[in-house]
Amino acid sequence: MRGAPYLAPAGLAAGLFLEQGAALAASAENGKQVFMRAGCWQCHGTLGQGGAAGPKLAPDPLPFDALSSFVRTTNRAMPPYREEVLSDADLADLYVYLQSIPKGPDPKTIPLLNR
Amino acid sequence: MPKELPRAHMADGADFMVDVIKTLDFEYLPANPASSFRGLHESLIDYGGNKKPEFLTCMHEESAVAMAHGYFKAAGKPLLTLCHGTVGLQHAAMAIYNAWCDRVPVIVVGGTDLDAAHRPPGVPTVHSAQDINALVRDFTKWDDTPVSLQHFAQSFVRAYKIAMTPPMGPVAIALDGGLQQAPIPENGERLYIPRYVATSPPQGDGGAVRETARLLANAERPVIVVDRAARSADGMKLIVQLAEALQAPVVDQGGRMNFPNTHYLHQSRRGNALIGQADVILGLELADYWGTVNSFIDNGEEDGAGLREPRTKNGVKLISISSAALLTKSNYQEFQRFQVVDVEMAADAEATLPALIEAVKAAIPNDRKPAIEKRGEALRKAWADGRERAKDAAAVAWDASPISTARLSMELWAQIKDLDWSLVSSGNVSNWPKRLWAMDRYYHSLGGPGGYGVGYGAPAAVGAALANRAEGRFSVSIQSDGDLMYAPGVLWTASRHRIPLLSVMHNNHAYHQEAMHVQRLANRRDRVANLGKDMCPVGTAIENPDPDYAKLAASLGWWSAGPIKDPNELAGTLEYAVEVVKAGEPALVDVWTQPR
């Protein structure tokens, strides 16, 4: 029983961590759906890898403030997405998705890129 | 004065036409068969032996003209095609427009029945027109409607000559059905065939060439921008010589294979930045000079007209050498927005380059040579850095599914790089072949359609592969799905005539350019784009159902595989497909890919 007070906070922390992790996963999953539904993938690719029509977004996306400011107000090649088209909550989830995209392999380890 | 060829001796008018056609050494005649040119058709295959030209059966006039388009870009020789009256020429029109915009010669002969009192009633009358060439007059260099056999001989050779003189372009001859079937008069006019003598291409004025050389030689940051500059392998060598003399970066817009991407002066990826810093810009056969030195942003500013901003700094000197200035028509707007330049030569760039190179060498002051060498050293480093950045970018989604266009391109490159290959159509794959393949021969890249008329890629690839077959080259195409579906019958033409071609599908399931346009307008109007049940806005997706391109190709006589969705399955499949093509057959591999 003596260990219980210590166990309880640890269990609580673990629970909170799991809860946060689940929330993040849910956000990332919704963010992916938003990324596809809003047409971001058309120019940036499904993993945000970029291409001729749009720059790379992930991995290592821009800081959220910079990215959201650009998305809302850009007067460059990309059309701006206002709240009516992309809500703040969806934009936040979209960012979580971009953050969740893992790095690709090191190009030096890919034989086809080193012949 | 060139001598005329001897008088032709035969009984039928169409046979004489075949004799005229044979003097111009056409290898092939891609066409869809039709009653309006039956007289010539029969003479071509029976009197002419179906050789030079050999009839290639096509399933659409648009495919036939686009095949001729692609063939010319690989072979440097034009093809003749036949179109059936009003309907055939209308089918062909989009491909003729592409050839016009791309400055490619195609000899289009259209059948028609002119004599309303004698032509058969019903369909032949519906397919005839008083002035049938009016359909394509706005985008052909020249056309005629011969009314006698001698008239045909003169007009046909004249048409060929006009088509082949830079700026090159398609020409049209309307061929009366009655004239094809009329016998040669026994005691009439003596028929002769005019001899073809090539016309020298127009060169830039000497004074303008010297002024251009002076500006370039004294520039701190000169940039050479090239689009349809190299008409031949020699043209490519000349551009290299000019760039090396100046140690100037070259921005290749890709209308032709202008410059080897293995050369450190190839700096296309940095094009906009270089143009922004330049003090002198030399544009060689640019389709759009305005778009080269200005940016356009389509987000609805200025009451929907969009933002137009110069890319260049103040005081930049702009020079243009372009034969397009010699041939501008009014109706179709492919001449683009008007751009003021400081020196303009209405001349063929390739023909002007030898004089310009000599003038540049003579104009470079001795005290500028160290600075010019130093410029080259900086560009060497920038080229190497750019190559590494491209590899980094290619790795980002290396294992993605749908498969990344970088992975697709590099898996393909691994299979063909040791062959004598030719990329006959390149889809829209974020320029990965130009970024990471080694392209240093004129036939390594053939450029695009010119008029952006979708449906060009597949038939142009087959036409170019036909030209490459004679040279023993391995033809490979990165084939967009939407493009193929315009007229997939050309796949049958390829298998019927045993044209070896490896076609790898860039199957991204949509007209993505159009999807982006609809998304842009939805955003502008603060509306969520309606996707229906698809991945893209309604009307832009090619899914539900997903076309099965492997089955489609197989049904038309191709070896095929796919759809491939796992990038790790690409290597083995492509390796096998390459062997099929090396054996002389066409092969198609369907690959589900990222949009770009």
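Residues numbered from 1 in each chain as written. Chains lettered and ligands numbered in written order. Predicted model: local features only at pLDDT ≥ 70, side-chain atom pairs only at ≥ 80, totals over all residues.

1. Brief notes about the domain arrangement of chain B
Residue and element names in this part refer to chain B. Put simply, the test is: Note that domain bounds follow an automatic or database assignment of domains. This entry defines residue contacts through backbone-placed C-beta atoms, with two residues in contact when those atoms are within 7 Å. Residues were grouped as follows: Ala, Val, Leu, Ile, Met, Phe, Trp, Tyr, Cys and Pro as nonpolar; Asp, Glu, Lys and Arg as charged; and all remaining residues, including Gly, as polar.
Along its sequence, chain B is organised into domain 1 (13–181), domain 2 (206–385) and domain 3 (396–509 + 546–591). Put simply, the middle of domain 1 and the middle of domain 2, counted by C-alpha atoms, are 37 Å apart. Taken together, the contacts link nine residues of domain 1 with twelve residues of domain 2. A per-class count over the side of domain 1 that touches domain 2 returns four nonpolar, two polar and three charged.

2. A look at the sheet that holds strand 12 (residues 317–321) of chain B
In any sheet, the strands associate via hydrogen bonds between backbone groups, in a parallel or an antiparallel arrangement. Residue and element names in this part refer to chain B. Test applied: Two strands are counted as paired when DSSP detects at least two bridges linking them. Comment: elements are numbered from the N terminus, with helices defined as DSSP H or I runs of at least four residues and strands as E runs of at least two. Lines fitted to C-alpha atoms define the axes, with helix axes restricted to the stretch in contact, and inter-axis angles between N-to-C directions lie between 0 and 180 degrees.
With parallel pairing, five strands are arranged side by side in an open sheet as 8-7-9-12-13. Pairing within the sheet leaves two strands with one partner each, and these edge strands are strand 8 (250–252) and strand 13 (343–345). For this sheet the average axis-to-axis angle between neighbouring strands, irrespective of direction, equals 15 degrees. Contacting strand 7 (222–226) and strand 8, helix 9 (residues 233–246) crosses the sheet at an angle of about 170 degrees to strand 7.

3. A word on the sheet that holds strand 6 (residues 171–176) of chain B
Residues and elements named next belong to chain B. Strand order in the open sheet formed by four strands is 3-4-6-5, with parallel pairing between adjacent strands. Since the sheet does not close on itself, it has two edges, and those belong to strand 3 (80–84) and strand 5 (142–144), each with one partner. Within this sheet the neighbouring strands show an average axis-to-axis angle of 20 degrees, counted without direction. Of the pairings in the sheet, the one linking strand 5 to strand 6 comprises three bridges and is parallel in character. Residue pairing for strand 6: D144 is matched across the bridge by I173. Its contacts with the sheet place helix 4 (residues 85–101) against strand 3 and strand 4 (107–112), and it is angled at close to 160 degrees to strand 4.

4. Structural notes on the interface of chain A and chain B
The interface of chain A with chain B comprises 30 residues on the first partner and 37 residues on the second. Broken down by secondary-structure element, the contributors of at least two residues to the side of chain A that touches chain B are helix 1 (4–37) and helix 2 (40–44) of chain A. It is helix 2 of chain A that provides the largest number of residues to the side of chain A that touches chain B, a total of three residues. In terms of residue class, the side of chain A that touches chain B is built from 16 nonpolar, nine polar and five charged.

5. Observations concerning the packing of helix 3 (residues 61–75) of chain B against helix 16 (residues 457–471) of chain B
Residues and elements named next belong to chain B. Selection rule: Roughly parallel here means an angle under 35 degrees, roughly antiparallel means over 145, roughly perpendicular means 65 to 115, and every remaining angle is called oblique. Here a crossing is taken to be left-handed if its near helix is turned anticlockwise relative to the far helix by less than a right angle, and right-handed if that turn runs clockwise.
Between helix 3 and helix 16, the shortest axis-to-axis distance is 6 Å and the interhelical angle comes to 45 degrees. By the criterion of interaxial angle, the relationship of helix 3 to helix 16 is oblique. When the axes of helix 3 and helix 16 are compared, the crossing they make is right-handed. Residues S63, A66, M67, A68, H69, G70, Y71, K73, A74 and A75 of helix 3 touch helix 16, and the partners they reach there are P459, A460, A461, V462, G463, A464, L466, A467 and N468. Its residues assigned to classes, the contact of helix 3 with helix 16 shows 13 nonpolar, five polar and one charged.

6. A short note on the pairing of strand 12 of chain B
Residues and elements named next belong to chain B. The cut-off we apply is this: Here a residue counts as buried when 20 or more other C-beta atoms sit within 10 Å of its C-beta, as exposed when there are 12 or fewer, and as partly exposed otherwise, the C-beta atoms being derived from the backbone.
A large share of strand 12 lies buried, amounting to four of its five residues. For strand 9 (residues 280–284) and strand 12, the ladder comprises five bridges, and the chain directions are parallel. Paired with L284 across the two strands is I321, which belongs to strand 12.

7. Concerning the packing of helix 1 (residues 13–22) of chain B against helix 6 (residues 149–164) of chain B
All names here are of chain B. Between helix 1 and helix 6, whose axes approach to 10 Å, the crossing angle comes to 20 degrees. Our classification of the angle between helix 1 and helix 6 gives roughly parallel. Relative to helix 6, the crossing made by helix 1 is right-handed. Between helix 1 and helix 6, the residues in contact are G13, F16, M17, V20 and I21 and L149, F152, A153 and F156, respectively.

8. Observations regarding the nonpolar core
Filter applied, for reference: What makes a nonpolar core is a set of buried Ala, Val, Leu, Ile, Met, Phe, Trp, Tyr and Cys residues, with links drawn between C-beta atoms within 7 Å.
In this structure, I96, I239, L242 and I281 of chain B are the most contacted members of the largest nonpolar core, which totals 199 residues. The greatest single-element share of this core, amounting to ten residues, is contributed by helix 4 of chain B. In this view, I239 of chain B contacts V226, A229, A230, V250, N258, F259 and L353 of chain B; residues no more than four positions away in its chain are not counted. In this structure, C43 of chain A together with A510, M516 and A541 of chain B belong to the second largest nonpolar core, which totals eight residues.

9. Digging into the pairing of strand 18 (residues 587–591) of chain B
Residue and element names in this part refer to chain B. The cut-off we apply is this: Call a crossover right-handed when, viewed with both strands pointing away from you, the route from the first strand across the helix to the second goes clockwise.
Counting buried residues in strand 18 gives five out of five residues, a clear majority hidden from the surface. Residues A587, V589 and V591 line one face of strand 18 and the alternating positions L588 and D590 line the opposite face, and both faces are buried. Bridge analysis of strand 16 (residues 502–506) against strand 18 gives three bridges, and the strand direction is parallel. Across the sheet, the residue bridging to S503 is L588, located in strand 18. Direction of pairing for strand 17 (residues 559–564) relative to strand 18: parallel, over a ladder of four bridges. Its bridge partner being in strand 18, S560 is matched across the sheet by L588. Note that the unit made of strand 17, helix 21 (residues 570–582) and strand 18 has a crossover that is right-handed.

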